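# Structural characterization, general
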Amino acid sequence: MVLPIPDLGTILFLSICMIICISAIWVVLSPNLVHSAVSLLFTLFGVAALYVFLYADFMAAAQVIIYVGGILVLIIFGVMLTNKIEDQNVSNKSKNRVPAAIFCLFLLYFQITAIINSKWYVGEKIIRESTTNDIGMMLLTKYLLPFEVVSILLLAALIGAAMLSRKKV
């Protein structure tokens, strides 16, 4: 019996999945917070690569810009520039690893059960050139009012955060 040789796309997809799983596990298990943040970088880039595999180019770009470019940099600066940290060895001492591991294995069991028992739709591939044009047209026509309301809400949150962070005179 000859096993079929997987194509390059399958090998790349499985490699990205393996990188995501290993780096996500290292985010949780690493005793050093800086190492956890770097592992989170690999995890977030891997998720963006999975969005590329799904032909969701807008979501991949948003993943990189928002999470890698914004949130991860904020986490790294928060860890490195906190005034309460005096020594170089920043560690994460968690005492709840065993209950967390049991809970995660419990959730993993339910996810695998749901994946195996679900009837997945397998149809023809519909590949578009880009989803960015469709999303942009919907944001500027059909969903313009909710988009503007959300932008005003985020502006109010930004002003509130700036007011709260000011020193009292």
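Parameters at a glance
Residues numbered from 1 in each chain as written. Predicted model: local features only at pLDDT ≥ 70, side-chain atom pairs only at ≥ 80, totals over all residues. Heavy atoms only, no water. Phe/Tyr/Trp six-rings, centres within 6.5 Å; stacked < 30°, edge-to-face > 60°. Helix = DSSP H or I, 4+ residues; strand = E, 2+ residues; numbered from the N terminus. Axes fitted to C-alpha atoms, helices over the stretch in contact; angles between N-to-C directions. Parallel < 35°, antiparallel > 145°, perpendicular 65-115°, else oblique. Left-handed = near helix turned anticlockwise from the far one by under 90°. Contact = heavy atoms within 4.5 Å. Nonpolar A, V, L, I, M, F, W, Y, C, P; charged D, E, K, R; others polar. Polar contact = N/O pair within 3.5 Å; in protein donor to acceptor, adjacent residues only side chain to side chain. Buried < 20%, exposed > 50% of the residue type's maximum accessible area, 1.4 Å probe, protein only. Expected span 1.5 Å × (residues − 1).

The next point concerns the packing of aromatic side chains. In this structure the tally under the stated criterion is three aromatic pairs. Taken together, the aromatic side chains of Phe-106, Tyr-109 and Phe-110 make up a single cluster linked through ring pairs.

Let's shift gears to unusual backbone geometry. Positioned with a positive phi, Tyr-55 is a non-glycine residue whose angle comes to about 60 degrees. By the secondary structure assignment, Tyr-55 is in the loop between helix H2 (33-53) and helix H3 (57-80).

Here the focus is the packing of helix H1 (residues 8-29) against H2. Two elements in contact, H1 and H2, have axes whose closest approach is 8 Å; the angle formed by their N-to-C orientations is 150 degrees. On the basis of the axis angle, H1 is roughly antiparallel to H2. Seen from above, H1 lies across H2 with left-handed handedness. Every residue of H2 that contacts H1 at Gly-9, Leu-12, Phe-13, Ile-16, Cys-17, Ile-20, Ser-23, Ala-24, Trp-26 and Val-27 is listed here: His-35, Ser-36, Ser-39, Leu-40, Phe-42, Thr-43, Gly-46, Val-47, Ala-49, Leu-50 and Phe-53.

With that settled, the discussion passes to the packing of H2 against H3. Relative to each other, H2 and H3 sit at 175 degrees, their axes nearing to 9 Å. As the angle between them shows, H2 and H3 are arranged roughly antiparallel. Of the residues in H3, those touching H2 at Leu-33, Val-34, Ala-37, Leu-40, Leu-41, Leu-44, Phe-45, Val-47, Ala-48, Tyr-51 and Val-52 are Met-59, Ala-60, Gln-63, Val-64, Tyr-67, Val-68, Leu-72, Ile-75, Ile-76, Val-79 and Met-80. For the contact of H2 with H3, the residue count by class is 21 nonpolar, one polar and no charged.

Secondary-structure assignment places Thr-43 in helix H2. Here the side chain of Thr-43 touches Ser-23 through a polar contact of 2.7 Å, side chain to side chain. Reaching out from Thr-43, the side chain makes a polar contact with the backbone nitrogen of Ala-24 at a distance of 3.4 Å. Beyond its immediate sequence surroundings of up to four residues, Thr-43 is in contact with Ile-20, Ser-23, Ala-24 and Val-27.

Attention shifts here to the environment of Ser-118. Within the secondary structure, Ser-118 sits in the loop between helix H4 (97-117) and helix H5 (132-140). Its relative accessible area of 35% is what places Ser-118 among the partly exposed residues. A polar contact is formed between the side chain of Ser-118 and the backbone oxygen of Ala-114, at a distance of 2.4 Å.

Moving on to H2. In this model H2 runs 30 Å from its N-terminal to its C-terminal C-alpha over 21 residues, within 8% of the 30 Å that 1.5 Å per residue would give. Buried residues along H2 sit against H1 and H3. N-cap assignment for H2: the residue whose side-chain oxygen lies 3.0 Å from the backbone N of Val-34 is Asn-32. Once H2 ends, the next one or two residues include Tyr-55, with phi positive near 60 degrees.

The values reported here are purely geometric and, on their own, carry no functional implication.
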